[in-house]
Amino acid sequence: MRILGIILAAGQGKRMKSKLYKVMHPVCGKPLVGHVLDVLDDVKADRKIVIVGHGAETVKAYLGDRAEYALQAQQLGTGHAAQQAEQLLEGEEGIAIITTGDTPLITSESLSEMIRMHVENSASATILTAQLDNPHGYGRIIRNDQGYVTRIVEQKDCSPEQHLVQEINTGICCFDKKKLFAALKEVKNENSQQEFYLTDVIGILSDAGEKVAGYCTPDSSEGMGINDRVQLAEAEQAMRARINRKHMLNGVTIIDPHNTYIEKEVLIGADTVLQPGTLLRGKTIIGEQCDIGPHADITDSIVANQVSIQHSVLLEAEVGEETSVGPYAYLRPGARIGSHVKIGDFVEIKNAAIGDGTKVSHLSYIGDAAVGKNVNIGCGAITVNYDGFNKNLTEIGDDAFVGSNVNLIAPVKIGEGAYVVAGSTITHEVEAGDVAIARERQTNKPGYADKLRQRFKGIKAKKQ
């Protein structure tokens, strides 16, 4: 049986009060519509059609060839939106899953269960429902004595008895594809909004004697639609809790889950500890037995086993085993840090490879560099990589020593085992095993400090 996914994503989302198209607002680092499409991928949908309207080009640019697109030029309701997929699905047979692009918490497990119930009951339609303690504002699910759904009654149309019903419509459903589009042709817009509602299809099918099943998800948050920034924050919190729980059940210690932020595609090894304030974003991979945080912000980076990262920012960086980073280090794109390395406080690494066992302990900038193994880079050392026109490479061989407050003017090479004396500005190659010193000879003037003080006092008095 082919699965045909239809995502309704044409609404402007005026209540978001944003220039950004509603379904492009992110939850846990990914746009709303991206989460929905992921779930359709998980249930192995054969076709995925996104109904676009406002902001169509933005959605297409983000999703690319992961989906097909149909345009709803005028927003005339959910039924009208679903109809826009009919031409693309002409000749297809199967189960049409309809979901909205603003329901990021839906899971593949619930969709799979809904499909299973649909097939087992030979239903024409199956609705994903949820039980709410306070169902105010939601359409109520009305079932017959056999448990099949006969109607979805909107809040404003509920009778006193229907108001007491706590089972609600999530807006996610599946249909026999042919019967869906046949019923859509019978939907009228005789309502206060003058819109064609997808929910009316349920009554049309039921009145025709067709079976309409309802699968009630055990997690009511799955049907949460995002219409404003408050709901966006609530969805973020719910998904973050879900993600954190998954990692904890897989052997990760999260000291304070309420203050730890992990995006959906992050991978973390067992026995790693996440301290409060940690943010793991994008496609970051963290190894086993790491200690991350507090206040580590890591994006699209790869961190090996037994690494410690404190109060630091990593962006598109790689860190080898048993390395320590921070506090207050910044590893920028292209930073490739070896094993058993120390990257200390207020150190910035950009587009540079740092060999195993090397120490860059504090207050240094290493950019556009290839640094060998077991190198010591002293406090305040800088690779001067930019000449105003081009970025240039600094090479430092294995076992070299670079003293404090050294400027390495690229392009320049420091040989293996070479020793660069503190305070030097190096502009020429230092051969292997050589000592380089590039600073003026010190001159002391006995007693001259008092004369300077008197001179400075006189200058200050004249200014006043």
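Residues numbered from 1 in each chain as written. Predicted model: local features only at pLDDT ≥ 70, side-chain atom pairs only at ≥ 80, totals over all residues. Heavy atoms only, no water.

Comments concerning the overall build of the protein chain
- When helices and strands are tallied, the protein chain shows nine helices and 39 strands.
- Against the compact-globule benchmark of 23 Å for 464 residues, the protein chain has a radius of gyration of 31 Å, which places it well outside the compact range.
- The buried share among the 464 residues of the protein chain stands at 48%.
- Relative to all contacts within the protein chain whose residues are 6 or more apart in sequence, the contacts with residues 24 or more apart total 40%.
- For the protein chain, the exposed area adds up to about 22900 Å²; of that, 49% sits on carbon and sulfur atoms.
- Across the protein chain, 49 positive and 59 negative side-chain charges occur, with their mean positions spaced 10 Å apart. (Helix = DSSP H or I, 4+ residues; strand = E, 2+ residues; numbered from the N terminus. Rg over C-alpha atoms; globule rule 2.2 N^0.38 Å. Buried < 20%, exposed > 50% of the residue type's maximum accessible area, 1.4 Å probe, protein only. Contact = heavy atoms within 4.5 Å. Areas by Shrake-Rupley, 256 points an atom, 1.4 Å probe, with all protein chains shown as cover. Lys, Arg positive; Asp, Glu negative; His and termini not counted. Charge placed at Lys NZ, Arg CZ, Asp CG, Glu CD.)

Describing the pairing of strand E7 (residues 125–131)
- Counting buried positions along E7 gives six out of seven residues, so the element sits mostly inside the fold.
- As paired strands, E7 and strand E10 (residues 167–176) are joined by seven bridges and run antiparallel to one another. If you follow Ala-130 over to E10, its bridge partner there is Ile-168.
- Both E7 and strand E11 (residues 212–216) contribute to a ladder of five bridges, which runs parallel. Note that in E11 the partner of Ala-125 across the bridge is Val-212. (Pairing = 2+ DSSP bridges.)

Thoughts on the pattern of salt bridges
- As enumerated under the stated definition, the model contains 24 salt bridges in all.
- Arg-66 is the salt-bridge partner of Asp-41, the closest N and O atoms lying 2.7 Å from each other. Here the residue Asp-41 occupies a position in helix H1 (residues 32–42), and Arg-66 occupies one in the loop between helix H2 (56–63) and strand E5 (68–71), the gap between them amounting to 25 residues.
- A relative accessible area of 31% means that Asp-41 is categorised as partly exposed.
- Asp-368 is paired through a salt bridge with Lys-350; the nearest N and O atoms lie 2.7 Å apart. Taken as a pair, Asp-368 in strand E30 (residues 365–371) and Lys-350 in strand E28 (residues 348–354) lie far apart in primary sequence, 18 residues in all.
- For Asp-368, a relative accessible area of 9% gives the class buried.
- Through salt bridges with shared partners, a single ionic network connects Lys-30, Asp-38, Asp-41, Lys-48, Arg-66, Lys-264, Glu-265 and Lys-283. (Salt bridge = Lys/Arg side-chain N within 4 Å of Asp/Glu carboxyl O.)

Remarks on a negative patch on the surface
- Together, Glu-395, Glu-429, Glu-431 and Asp-434 line one region of the surface with negative charge.
- Its place among the elements puts Glu-395 in strand E33 (residues 394–396). (Patch = residues over 30% accessible without salt bridge, like charges linked within 9 Å, V, L, I, M, F, W, Y side chains within 5 Å.)

Quick look at the packing of aromatic side chains
- Overall, the coordinates contain two aromatic pairs when judged by the stated rule.
- Consider the rings of Tyr-328 and Phe-346, whose centres lie 5.4 Å apart with planes at 15°: the pair is stacked. Taken together, the residues span a long stretch of sequence, with Tyr-328 in the loop between strand E24 (324–325) and strand E25 (330–331) and Phe-346 in the loop between strand E27 (342–345) and E28 at a distance of 18 residues.
- A relative accessible area of 45% means that Tyr-328 is categorised as partly exposed. (Phe/Tyr/Trp six-rings, centres within 6.5 Å; stacked < 30°, edge-to-face > 60°.)

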